[in-house]
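A closer look at the structure
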Amino acid sequence: MKTIIEPFRIKVVEPIRLSTRGEREALLADASFNTFLLQSDDVIIDLLTDSGTSAMSAAQWSAIMQGDESYAGSPSYRRFEKAVKDLLPFEHIIPTHQGRAAEHILFSIISGKGQQIPSNTHFDTTRSNIEESGAMAHDLVIAEGLDPANLHPFKGNMDTERLQEFLANHSSSTPCIMLTVTNNAGGGQPVSMANIAEVSRIAGEFKIPLFIDGCRFAENAFFIKLREPEYEDWSVPDIVGKMFSYADGMTMSAKKDAFANIGGWLALNDGELAEKARTRLIQIEGFPTYGGLAGRDLEAIAQGLKEIVDESYLTYRLRTTAYIVEKLQELNIPVVQPAGGHAVFIDARAWLPHIPSLSYPGQAVVCGLYEIGGVRACEIGTVMFGRQPDGSEQAAPMDLVRLAFPRRVYTQSHADYLIEVFAELAADTQAMTGFKIIKEPAALRHFTSRFERL
Ligand SMILES: *Cc1c(COP(=O)(O)O)cnc(C)c1O
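The shown structure was predicted, so the numbers you read here are calculated from the model rather than taken from an experiment.

**So, the site of the ligand**
The ligand sits among 14 residues. The nearest are Arg 100, Asp 213, Arg 216, Ser 253 and Lys 256. Contact distances for the ligand include 2.9 Å between an oxygen atom and a side-chain N or O atom of Gln 98. Against a free-state accessible area of 370 Å², the protein chains account for coverage of 98% of the ligand. With three residues, helix 4 (residues 99–110) is the single largest residue contributor to the shell around the ligand. Each residue belonging to the shell around the ligand can be placed in one class, and the counts come to two nonpolar, six polar and six charged.

So this is what it looks like as structure tokens:
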């Protein structure tokens, strides 16, 4: 059949309150045109993030009832550890309350002042944990990964020539190499198996460990199956196993590709490093058999990991973003191509040339989406990155708007509704106007800034 259906039935529903356009205009003005300041029950389709927003399955909810909340030696930890090890070839599995806690522990023990850590692109919490340790974070993604219209199949790949050059100068101050799969900051673009293998070969040549930030490992594995002919006939779990066989460890947010609402882990092969990590874990998260989690959360992750590698789910998942990208292109709306795994990015600067970057074209799109359709998206551009440390302001490299899709939450008709909202915006782009910021904090201004329409 040509129609790709949602491979699940809906047993429990969360009603969506349908608001009117007039109500939304008033709510947005009350929130000073910052969608982070809206109440989520005033949103019809919430595409702010795919993190922790997954719908859990009946099997996950029933596993939750088996959660054993013992402080030490919980069978829930054993089931969690087994589920992780069934997919990922690591010796030591250390649970944490989120991905960033795993990063914090890793970098607090391996990195420090004067050190350098290269990656394809560090996620923002990864970068900030590296910088907090005193080290510097470097992004070495391939050039195609920075060009929104380029159709390269693996735009998340590391530029291995630049990596080699980088290590020729800095290998003695490089405690590890990171690789983010998929590349979140770049729009959920995948990394190929060949690239993982080459990065691993270079890491071995310089005797530097390779850690994978594996938040969207299943989506990445399915892209490999679809786009790297050698792996066409491989099962997703086998591709996952092979991807991680090249690494010495991983950090993970279970809020992404584990269908959990909270959780994460640090996985390591090196026993000495694992002992240090567990000591740190006890200081800041909890005993090694629960980390920062309840036993029931470990159960939800264990079951989620069995479901995330299902090919009918992954087919539906990647089709969702590809479908929306196709429809937006039919409306001549510039988007980052090809479609990534978890998100669709609109190039607001290219779409709204009448709004200069310092009047925030991305914010104009975000506000238009909410007023017209109650859709919540996220500006990733000059609002987020434009403020300089000295308080001055500069255009960000790109003005993008991200639509991130919660897993198993929305259906085809939600996608069609989203397209209709975009069609209405596209019919009169001049109606979208710029904004100015009237109040902002010194850092991370996108969360709390207040805007006025120009
Ligand atoms: C979300 C994310 C993290 C951080 O995980 P949290 O669970 O949100 O702390 C790290 N890396 C990537 C690529 C992510 O997407």
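**Brief notes about the packing of helix 1 (residues 21–30) against helix 14 (residues 361–373)**
In contact at an axis separation of 7 Å, helix 1 and helix 14 are set at 145° when each is read in the N-to-C sense. Every residue of helix 14 that contacts helix 1 at Arg 21, Arg 24, Glu 25, Leu 27 and Leu 28 is listed here: Cys 367, Tyr 370, Glu 371, Ile 372 and Gly 373. Of the residues assigned to the contact of helix 1 with helix 14, the class counts are five nonpolar, one polar and four charged.

**A look at the nonpolar core**
The tendency in soluble globular proteins is for nonpolar side chains to be buried as a group. Grouped together as the largest cluster of nonpolar side chains are 58 residues, with contacts concentrated most on Phe 217, Phe 244 and Trp 265. When residues in this core are grouped by element, the largest group, six residues, is from helix 8 (residues 217–227). For this core, the two domains that each supply at least three residues are domain 1 (21–50 + 310–453) and domain 2 (58–307). Ignoring sequence-local partners within four residues, the contact set of Phe 244 consists of Leu 88, Pro 89, Phe 90, Val 181, Ile 212, Gly 214, Phe 217 and Met 250. If you look at the next biggest cluster of nonpolar residues, it comprises 46 residues, including Val 344, Val 365, Val 375 and Val 383.

**Concerning the domain arrangement of the chain**
Entries for the chain in the domain assignment read domain 1 (21–50 + 310–453) and domain 2 (58–307). Here the C-alpha centre of domain 2 lies 28 Å away from the C-alpha centre of domain 1. Contacts between domain 1 and domain 2 engage 23 residues on the former and 29 residues on the latter. The contact between domain 1 and domain 2 buries some 2,100 Å² in all, and 56% of this surface belongs to carbon and sulfur atoms. Interface area lost by domain 1 to domain 2 is led by Leu 314, Pro 338 and Arg 407, which between them contribute 25%. Taken together, the links from domain 1 to domain 2 amount to six salt bridges. Summed over the shared surface of domain 1 and domain 2, the number is 13 residue pairs in polar contact (both at pLDDT 80 or more). For the side of domain 1 that touches domain 2, the secondary-structure elements that each account for two or more residues are helix 12 (311–330) and strand 9 (343–347). Of all the elements, helix 12 adds the most residues to the side of domain 1 that touches domain 2, at six residues. Of the residues in the side of domain 1 that touches domain 2, the class split is ten nonpolar, five polar and eight charged.

**Describing the sheet that holds strand 8 (residues 264–268)**
On the basis of which strands lie adjacent, the open sheet formed by five strands has the order 2-8-7-6-5 and mixed pairing. Of all strands in the sheet, those with a lone pairing partner are strand 2 (92–96) and strand 5 (177–180), marking the two edges. Taken over all neighbouring pairs, the strand axes of this sheet differ in orientation by 15° on average, direction set aside. Note that strand 6 (residues 210–213) and strand 7 (residues 249–253) share three bridges and pair parallel. By the bridge assignment for strand 7, Asp 213 is matched with Thr 251. This element, helix 7 (residues 193–205), spans strand 5 and strand 6 of the sheet and lies at about 175° to strand 5.

**A look at the pairing of strand 8**
Burial runs high along strand 8: five of the five residues are buried. In strand 8, alternate side chains face the same way, and those of Gly 264, Leu 266 and Leu 268 on one face and Trp 265 and Ala 267 on the other are all buried. In the sheet, strand 2 pairs with strand 8 via five bridges, with the strands oriented antiparallel. In the sheet register, His 92 faces strand 8, and the bridge partner there is Leu 268.

**What about a negative patch on the surface?**
Residues Asp 248, Asp 270, Glu 272 and Glu 275 make up a contiguous surface patch of negative charge. As for its position among the elements, Glu 272 is in helix 10 (residues 271–284). On the basis of relative accessible area, Glu 272 is assigned to the exposed category, the value being 65%.

**A few points about the pattern of salt bridges**
Here the structure, examined in full by the defined rule, presents 27 salt bridges. The shortest N-O distance in the salt bridge between Asp 46 and Arg 376 comes to 2.8 Å. In this pair, Asp 46 sits in strand 1 (residues 45–46) while Arg 376 sits in strand 10 (residues 375–376), placing the two residues 330 residues apart along the sequence. You'll find Asp 46 and Arg 376 in the same group, each marked buried. Ionic pairing is found between Arg 79 and Glu 299, a salt bridge with its closest N-O pair at 2.7 Å. Linking Arg 79 in helix 3 (residues 75–87) with Glu 299 in helix 11 (residues 295–308), this pair joins segments that are 220 residues apart in sequence. A network of salt bridges, in which partner residues are shared, links Asp 50, Arg 216, Glu 219, Asp 257, Arg 317 and Arg 407.

**Considering the environment of Asn 332**
Turning to its location among the elements, Asn 332 is positioned in the loop between helix 12 and strand 9. Taking the relative accessible area as the measure of exposure, Asn 332 reaches 66% and is therefore exposed. With 91 residues separating them along the chain, Asn 332 and Ala 423 place their C-alpha atoms 9.7 Å apart.

**Remarks on the packing of helix 4 against helix 5 (residues 124–132)**
One can describe the packing of helix 4 onto helix 5 by two numbers: an axis separation of 9 Å at closest approach and a directional angle of 25°. As far as their axial angle goes, helix 5 and helix 4 are roughly parallel. Taken as a pair, helix 4 and helix 5 cross one another with a handedness that is right-handed. From helix 4, Arg 100, Glu 103, His 104 and Phe 107 reach across to helix 5, where they touch Thr 125, Thr 126, Asn 129, Ile 130 and Glu 132.

Calculation criteria
Residues numbered from 1 in each chain as written. Predicted model: local features only at pLDDT ≥ 70, side-chain atom pairs only at ≥ 80, totals over all residues. Heavy atoms only, no water. Near = heavy atom within 4 Å. Polar contact = N/O pair within 3.5 Å; in protein donor to acceptor, adjacent residues only side chain to side chain. Areas by Shrake-Rupley, 256 points an atom, 1.4 Å probe, with all protein chains shown as cover. Helix = DSSP H or I, 4+ residues; strand = E, 2+ residues; numbered from the N terminus. Nonpolar A, V, L, I, M, F, W, Y, C, P; charged D, E, K, R; others polar. Axes fitted to C-alpha atoms, helices over the stretch in contact; angles between N-to-C directions. Contact = heavy atoms within 4.5 Å. Core = buried A, V, L, I, M, F, W, Y, C linked by side-chain atoms within 4.5 Å. Buried < 20%, exposed > 50% of the residue type's maximum accessible area, 1.4 Å probe, protein only. Domains from an automatic or database assignment. Buried area = accessible area lost by both parts, 1.4 Å probe. Salt bridge = Lys/Arg side-chain N within 4 Å of Asp/Glu carboxyl O. Pairing = 2+ DSSP bridges. Patch = residues over 30% accessible without salt bridge, like charges linked within 9 Å, V, L, I, M, F, W, Y side chains within 5 Å. Lys, Arg positive; Asp, Glu negative; His and termini not counted. Charge placed at Lys NZ, Arg CZ, Asp CG, Glu CD. Parallel < 35°, antiparallel > 145°, perpendicular 65-115°, else oblique. Left-handed = near helix turned anticlockwise from the far one by under 90°.

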